[in-house]
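Fold and contact review
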Amino acid sequence: MVAGVAGFDAARAGALLTVDLEAVRSNWRLLRDTGAGATCAAVMKADAYGLGMSVVAPALASAGCRVFFTAHLDEAMRLRPLVPVDATIHVLHGPPPGAAAEFVEHDLIPVLNDPSQLAEWRALCRKLQRRLPAALQFDTGMSRMGMAPADVERLLADPAWKDELQPVLVMSHLACADEASHPMNGLQRERFAALRARFAGIPGSLANSSAVFLGPDFHHDLLRPGAALYGINPQPGSANPLRQAVGLRARIVQSRVVQAGDIVGYGAHFVADGPRRIATIAIGYADGWLRSLSCRGHAFIDGQRVPFAGNVSMDSISLDVTGIPEARVQPGCEVELLGSHQSVDDVAREAGTIGYEVLTRLGSRFHRLYI
Ligand SMILES: *Cc1c(COP(=O)(O)O)cnc(C)c1O
């Protein structure tokens, strides 16, 4: 099945983004099999890391995924009609103040991160006289989200909450899972084990993508991968076991020859040292091709690496295509930005960021093709 979705026409768009849904499904199956015994969820936040939740979520559901996470309530409300009725949707940020009732209305499970969210959920349970399901998040060292040790002591000192709400998951999040030998991993795992012992009988979840590859001690009952589903290497430095899910090709708008001393682009950061052929492609930082790739990024033409010439503009990037056959650098010709020659992680490295940022910045002006 090939489906073009939304917005920009294939013939007119400056760039074509392809999302390989079978790669996403295959990555989910690999994660599930690696965490043998644990349920494998899928993290859908930020529009499925930029790939498009409306297509990715049903694709994962068709592979058997029945547990999903979003960051925001709004994202979860949009996700609800896209997945089977028996699918569970957790909202990582929990209920925004005053919004708890919307979770019930849309069949969503909040992740309760602090005493005020817990109090709000308990109040709703009492009001509706229902033990509403909720996940409890504990901070085990990242100091970002989740109940602090003092909150946990207060919670355990007042067991009434257990009769009010239905705890369906205890979870925490690792700060350094992408560095397998980082001491934080073992420390957080031990703290999580101690917490689980005090919340006996409730399923546990600690692993993001990277932690799935830290071994069975990190798997518990539920895996929460996001990045790895979309092809990002979960253990930088080791071979990537996952399939690339995203391809991106941009069109050449104009091609010209410059002479020694001519400059290219804003700021004149490229100065030709002799006759050079410059091709300008229709993608820029407004499309998520980060400006930090100025003078550093690369594209590929028939497998040949061509460097960015000068600064990335809002809507265009100039390439030094000297030496590439002229017929391949005419207006309308395509160059590869993501594909078999360049991964999301490769681009991230050149841009001085991580693959997560490259994917979640992918713009809205591409023609999108879901394969
Ligand atoms: C984003 C997130 C995940 C998924 O992390 P990846 O590294 O993308 O696999 C899992 N759990 C929590 C709490 C998150 O915020």
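Residues numbered from 1 in each chain as written. Predicted model: local features only at pLDDT ≥ 70, side-chain atom pairs only at ≥ 80, totals over all residues. Heavy atoms only, no water.

Along the protein, the regular secondary structure elements total 12 helices and 20 strands. Across its three principal directions, the C-alpha atoms of the protein cover 80 × 40 × 35 Å. For the protein, restricting intrachain contacts to residue pairs at least 6 apart in sequence, the fraction spanning at least 24 positions comes to 65%. Of the accessible surface of the protein, which amounts to about 15800 Å², a share of 52% is contributed by carbon and sulfur atoms. A gap of 2 Å separates the mean positions of the 35 positive and 37 negative side-chain charges of the protein. (Helix = DSSP H or I, 4+ residues; strand = E, 2+ residues; numbered from the N terminus. Contact = heavy atoms within 4.5 Å. Areas by Shrake-Rupley, 256 points an atom, 1.4 Å probe, with all protein chains shown as cover. Lys, Arg positive; Asp, Glu negative; His and termini not counted. Charge placed at Lys NZ, Arg CZ, Asp CG, Glu CD.)

Our next topic: the sheet that holds strand 10 (residues 204-205). Taking strand neighbours across the sheet as the criterion, the 7 strands line up as 4-5-6-7-8-9-10 in an open arrangement whose pairing is parallel. On the outer flanks of this sheet lie strand 4 (42-43) and strand 10, each paired with one strand and no other. Pairing geometry for strand 5 (residues 67-70) and strand 6 (residues 88-91), over 4 bridges, is parallel. Looking at strand 6, one finds that Phe68 is bridged to Ile89. (Pairing = 2+ DSSP bridges.)

Roughly 890 Å³ of volume is contained in the largest pocket. Around the largest pocket, the lining is made up of 40 residues, and of these Asp178, Asn208, Ala227, Ile354 and Tyr356 lie nearest the centre. Of all the secondary-structure elements, those providing two or more residues to the lining of the largest pocket are helix 2 (45-49), helix 10 (209-212), helix 11 (344-351) and helix 12 (355-361). Here the lining of the largest pocket is built from residues that sort into 22 nonpolar, 12 polar and 6 charged. Residue-level mapping places the lining of the largest pocket at the junction of two domains, with at least three residues from each of domain 1 (22-230) and domain 2 (246-370). (1 Å grid on protein atoms, 1.4 Å probe; cavity = no way out; pocket = protein on both sides within 12 Å on 5 of 7 lines; lining within 4 Å. Points joined across faces, edges and corners; volume = space filled by probe spheres on them. Nonpolar A, V, L, I, M, F, W, Y, C, P; charged D, E, K, R; others polar. Domains from an automatic or database assignment.)

Another aspect to go through is the domain arrangement of the protein. Splitting the protein by domain gives domain 1 (22-230) and domain 2 (246-370). Once you take the C-alpha centre of each, domain 1 and domain 2 turn out to be 38 Å apart. The interface of domain 1 with domain 2 comprises 8 residues on the first partner and 6 residues on the second. Buried surface at the junction of domain 1 and domain 2, both sides included, amounts to about 720 Å², of which 65% is carbon and sulfur. Three residues stand out in domain 1 for area buried against domain 2, namely Tyr49, Gly50 and Leu51, and they jointly supply 54% of the buried area on that side. For the interface between domain 1 and domain 2, the tally reads 0 salt bridges. Between domain 1 and domain 2 we count 3 residue pairs in polar contact (both at pLDDT 80 or more) in total. Grouping the amino acids of the side of domain 1 that touches domain 2 by side-chain chemistry returns 6 nonpolar, 2 polar and no charged. (Buried area = accessible area lost by both parts, 1.4 Å probe. Salt bridge = Lys/Arg side-chain N within 4 Å of Asp/Glu carboxyl O. Polar contact = N/O pair within 3.5 Å; in protein donor to acceptor, adjacent residues only side chain to side chain.)

In the vicinity of the ligand there are 13 residues, among which Lys45, Tyr49, Ser209, Ala227 and Tyr356 approach most closely. Between the ligand and Arg144, the relevant distance is 3.2 Å, taken from an oxygen atom to a side-chain nitrogen or oxygen of the residue. In the model, an oxygen atom of the ligand is placed 2.8 Å from a nitrogen or oxygen of the Gly226 main chain. Taken together, the residues of the shell around the ligand break down into 6 nonpolar, 4 polar and 3 charged. (Near = heavy atom within 4 Å.)

Attention now moves to the packing of helix 1 (residues 21-34) against helix 3 (residues 53-62). The geometry of helix 1 relative to helix 3 is characterised by a closest axis approach of 9 Å and an angle of 50 degrees between their N-to-C directions. Taken together, the axis directions place helix 1 and helix 3 in an arrangement best described as oblique. Once helix 1 is placed against helix 3, the crossing between them reads as right-handed. Residues Leu21, Val24, Arg25 and Trp28 of helix 1 lie in contact with helix 3, whose contacting residues are Val55, Val56, Ala59, Leu60 and Ser62. Residue classes in the contact of helix 1 with helix 3 are distributed as 7 nonpolar, 1 polar and 1 charged. (Axes fitted to C-alpha atoms, helices over the stretch in contact; angles between N-to-C directions. Parallel < 35°, antiparallel > 145°, perpendicular 65-115°, else oblique. Left-handed = near helix turned anticlockwise from the far one by under 90°.)

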